Amino acid sequence: MDENKVIICRCEDVTLKEIRNAIREGFTTVEEIKRVTRSGMGPCQGKTCGLLIAKEISQMTGKPMEELELQNIRPPYGGITFEEVTKGTITENNK
Amino acid sequence: MSKIENLELLVVGGGPAGLSAALAAANYGIKVSLAEEREFLGGQLIKQTHRFFGSEKEYAGTRGIDILRKLIDEVNKNKNIEVLLSSRVLGIYEDNVVTILNDHKMKKYYPQSIIFATGASEKFLAFENNDLPGIFGAGAVQTLMNVYGVLPATNVLMIGSGNIGLIVSYQLLQAGVKVAAIVEAAPKIGGYSVHASKLRRLGVPILTSHTIKKAIGKEKVEGAVICELDSNWNEVKDTEQLIKCDAICLSVGLTPLVDLLKQRKVKTNYVSELGGYVPLRDENMETSIKNLFVAGDVSGIEEATAAMIEGQIAGLSVAKRIGKNNKREIEKRIEDAKNELELLRSGPVGKKIRKGLFKLGLNHGKNYNENFSEEALDISHLMKTGVPSEENLKNKLPSEEKVFDKGPIAISECFQRFPCDPCVKSCPFNAISENGNINNIPYVDFEKCTGCGICVSKCPGLAMFVVHKNFSETTSVVIMPYEFLPRPHRGEIVKVLDREGKYLCDGKVIRILDGKFQDKTAAVSIEIPKEYYLQARNFKVEE
Ligand code: SF4
Ligand code: SF4
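Owing to the predicted nature of the structure, the values given are computational and were not obtained by experimental measurement. Note on numbering: residues in each chain are counted from 1, in written sequence order. Chains and ligands are labelled by the order in which they are written, letters from A for the one and numbers from 1 for the other. Selection of residues for local features in this predicted model requires a pLDDT of at least 70, selection of side-chain atom pairs for listing and counting requires 80 or more, and totals for whole chains, interfaces and linings are taken over all residues. To get the side-chain values, take all heavy atoms of the structure and skip hydrogens and water.

Undergrad: Even after reading the chapter, I still don't get the environment of Ala185(B), so can you show me in this structure?
TA: Residues and elements named next belong to chain B. Within the element layout of this structure, Ala185 appears in the loop between strand E10 (178-183) and helix H5 (193-200). Remark: exposure states derive from per-residue accessible area (1.4 Å probe, protein chains only) relative to the maximum for the residue type, with buried under 20%, exposed over 50%, and partly exposed in between. Judged by its relative accessible area of 25%, Ala185 falls in the partly exposed class. Distance from Ala185 to Trp233, taken between C-alpha atoms, is 7.6 Å for residues 48 residues apart in sequence. Helix numbers and strand numbers start at the N terminus; a helix is a DSSP run of H or I with at least 4 residues, a strand a run of E with at least 2.

Undergrad: It is not clear to me how the interface of chain A and chain B should be interpreted in this structure. Could you clarify?
TA: Accessible area lost upon the coming together of the parts is a frequently used measure of interface size. Each side of the interface is counted separately: chain A has 38 residues, and chain B has 36 residues. Buried area between chain A and chain B, both sides added, is near 3300 Å², and the carbon and sulfur share of it is 58%. By salt bridge we mean one thing: a side-chain nitrogen of Lys or Arg within 4 Å of a carboxyl oxygen of Asp or Glu. Connecting chain A to chain B are 1 salt bridge. With a closest N to O distance of 3.4 Å, Glu69(A) and Lys262(B) form a salt bridge. Within 3.5 Å is the distance limit for a polar contact, defined as a pair of N or O atoms, with the added protein rule that one can donate a hydrogen and the other accept it, and that residues adjacent in sequence qualify only through two side-chain atoms. Inspection of the chain A/chain B interface yields 11 residue pairs in polar contact (both at pLDDT 80 or more). Ranked by the residues each element gives to the side of chain A that touches chain B, the list is headed by helix H4 (residues 82-94) of chain A, at 8 residues. Residues belonging to the side of chain A that touches chain B are distributed by class as follows: 16 nonpolar, 9 polar and 13 charged. Residue contacts are defined here by distance: any two heavy atoms, one from each residue, within 4.5 Å place the two residues in contact. By definition, the buried area sums, over both parts, the 1.4 Å-probe accessible area that each loses when the two are put together. Amino acid classes used here: Ala, Val, Leu, Ile, Met, Phe, Trp, Tyr, Cys and Pro are nonpolar; Asp, Glu, Lys and Arg are charged; the rest, including Gly, are polar.

Undergrad: Whenever I open this one, the site of ligand 1 confuses me. Can you help?
TA: Here, proximity means that at least one heavy atom of the residue falls within 4 Å of the molecule or strand. Inspection of the region around ligand 1 gives 14 residues, with Cys427(B), Cys449(B), Cys452(B), Gly453(B) and Cys455(B) positioned closest. For the shell around ligand 1, a count of residues per class yields 11 nonpolar, 3 polar and no charged.

Undergrad: Where do I start with the site of ligand 2 in this structure?
TA: Looking at ligand 2, the residues that line it are Phe53(B), Cys414(B), Phe418(B), Cys420(B), Pro422(B), Cys423(B), Glu434(B), Pro442(B), Cys459(B), Pro460(B) and Met464(B). A class-by-class count of the residues in the shell around ligand 2 yields 10 nonpolar, no polar and 1 charged.

Undergrad: Even after reading the chapter, I still don't get the domain arrangement of chain B, so can you show me in this structure?
TA: Residue and element names in this part refer to chain B. In this document the domain limits rely on a domain assignment from an automatic tool or a database. One can read the domain layout of chain B as domain 1 (4-120 + 254-360), domain 2 (125-251) and domain 3 (388-540). Just the C-alpha atoms count here: the centres of domain 1 and domain 3 sit 38 Å apart. The interface is formed by 16 residues belonging to domain 1 together with 20 residues belonging to domain 3. Where domain 1 meets domain 3, there are 9 residue pairs in polar contact (both at pLDDT 80 or more).

Undergrad: Is there a simple way to explain the UniProt feature "domain: SoxA A3" (unreviewed entry) in chain A in this structure?
TA: UniProt positions are given in the numbering used here, feature names are shortened, and annotations may be inferred rather than shown by experiment. UniProt tags residues 7-84 of chain A as "domain: SoxA A3" (unreviewed entry). End-to-end, the C-alpha atoms of residues 7-84 of chain A are 33 Å apart, and along that stretch the chain is 41% helix and 6% strand.

Undergrad: Honestly, the pattern of salt bridges in this entry has me stumped. Any pointers?
TA: Inspection of every chain in the model, using the stated rule, returns 35 salt bridges over all chains. The partner of Arg38(A) in a salt bridge is Glu12(A), and the shortest N-O contact between them spans 3.1 Å. With Arg38(A) in the loop between helix H2 (30-37) and helix H3 (50-61) and Glu12(A) in the loop between strand E1 (7-9) and strand E2 (14-15), this pair connects stretches of sequence that are 26 residues apart. Exposure remark for Arg38(A): the relative accessible area of 44% places this residue in the partly exposed category. Among the residues examined, Glu12(A) registers a relative accessible area of 26% and is labelled partly exposed. The shortest N-O distance in the salt bridge between Glu310(B) and Arg345(B) comes to 3.0 Å.

Undergrad: Teacher, can you tell me more about the nonpolar core here?
TA: A general trend in soluble globular proteins is that nonpolar side chains are found buried together. Residues and elements named next belong to chain B. Counting residues in each nonpolar core, the largest one holds 76 residues, and the members touching the most others are Leu172, Ile182, Ile432, Met464, Val496, Ile526 and Phe539. When residues of this core are assigned to domains, at least three fall in each of domain 2 (125-251) and domain 3 (388-540). Leaving out residues up to four positions away in the same chain, Leu172 has contacts with Val141, Met145, Pro152, Val156, Met158, Val177 and Val179. Only buried residues count toward a nonpolar core, which is a set of Ala, Val, Leu, Ile, Met, Phe, Trp, Tyr and Cys residues joined through side-chain atoms within 4.5 Å.

Undergrad: Would you mind showing me how to read the UniProt feature "coiled-coil region" (unreviewed entry) in chain B here?
TA: As recorded in UniProt, the sites labelled "coiled-coil region" (unreviewed entry) are residues 320-347 of chain B. Summarising residues 320-347 of chain B: 75% helix, 0% strand, and an end-to-end C-alpha distance of 31 Å.

Undergrad: Even after reading the chapter, I still don't get the sheet that holds strand E27 (residues 522-529) of chain B, so can you show me in this structure?
TA: Backbone hydrogen bonds hold the strands of a sheet together, and the pairing may be parallel or antiparallel. Residue and element names in this part refer to chain B. At least two bridges found by DSSP between two strands are what make those strands a pair. The antiparallel open sheet is built from 7 strands, whose spatial order is E20-E23-E24-E27-E26-E25-E28. Edge positions in the sheet fall to strand E20 (409-412) and strand E28 (538-540), since each has one partner strand and no second. Strand after strand, the sheet turns through a mean of 40° between neighbouring axes, direction not considered. Pairing geometry for strand E26 (residues 503-513) and E27, over 5 bridges, is antiparallel. Within E27, the residue paired with Val509 across the bridge is Ile526. Axis lines are fitted through C-alpha atoms, for helices just across the contact stretch, and the angle between N-to-C directions can take any value from 0 to 180 degrees.

Right, dumping it as structure tokens:
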């Protein structure tokens, strides 16, 4: 299998090779890998890659999936413009 | 400071679980806001054009889209429910403030309780060239075809034989798309046997113990290389084969969509049987955070019927806590719903779910009736190939040949124990029985059966046939369910197929029942040479 041709994070175009390299370098949580590879930072917010990365970590480190966690997910869940943030506030104020 | 809206219950997600949850609470006077990200309600039900399994009580035998219509109708009529469409929940904070993007404004809410019914996302698969255009998730294929009426491709390779993979394959065929094969890594088919048999009767190969190695193509998918797996899931040497196709559809499972729950730091555990990281919760669907409930696939991957019941339990639990009256009645209804769930999960198919729930610390001390947890028949061949064995068939056919002399009789080709009963409920002559438990295999009482053919259109698994062996000196008639277009017309000669979709003989259409009652599953009577009455189980209409 050509690891360079296997995509793990489709939003940020991160390959299996990059994920495996990161794990080899000692990044062994999904959260860390997200930070060093940008996987999970695209529009789908890790829905495609999160579980695949956890599985890869589990296989390479021998840590069972039960001991791993997915990446942190913070608000806002999905893109939003500043205008939308401020509009909400103003509208509610004027009620 | 912005104003924060107070409300009693916020339901996040307008799929089967969310709709049921909102209704259950609103019916006891709770003020509910229902936030749905898309511009329409329905979740996955919106693309489920097939009939549902399960118990008649929970809409079995009805098509998903029709179940949805009923639920939406009720929701719209209920004045306690405010529906927020195109409303994406952006965040939930530690003080339970929820922000929702609606009408291009970010609004803040402060709900007394929340039910997360956010559903699931599809799992992805790692293989070479898995980013080529033409590689779809099964959900996307279904949305394109069944919601927007767009054909995704002309020849699809399906990866995964769970119920979604099987159903989407069938729907692709209905849309006129070829399905090159269904590839399954496990040694047996993941979905219900009746779905698999339906596909085999249409000639689609199901390759168990096989996996995809890579996608082939320059600009887009032109094919795929698959190979065989041994019992340890290792590749068997020299078994690679190239399958030509212009799309690869991934249906390798779902995983709970717990993103919002994680924002609120709800504890999740990895439970493979339930699809991935699932929230810890109690029997009433309440998570580790008080007044924060879950329902449906977000709490663990299961069927839509279970999702609807879980929604009811969550909604009722909220009503019980913040409602003023009817506590007793609500408790009783919660109990009933839990029993219903237990019944759904008590067969062999529910084994995995039971194991998963046990890992979550649920169902301790629950005594599932072990009599129903194993298959009644040896269906290993059927689950490997999608085709019933001779033994299986013998078990369901009349023990004596002369029973066929009586006239037309119904033959049930349903061999697996799973919670489903539309056949039983549809027969006006009480000729079909599951012996008191919905998980049992249905058997036809040939004495009582009149051969009317009603059950043929009502079985969601297309597993009921009526056979009239002695139609004439030399011919028999088989009534078969048919869900394809174009419909045959009376007198037409069609190609009759066996259980593997192989051509058997020509047959003549002598009757078609295709009215409102049949609800798009026509019952077509086909006259065939007598020798084939036990083999003829499908037919093809030449265009
Ligand atoms: S053919 Fe009619 S009578 Fe016979 S089992 Fe089916 S519904 Fe009942
Ligand atoms: S034969 Fe009965 S139990 Fe089997 S799939 Fe059909 S309706 Fe369900």
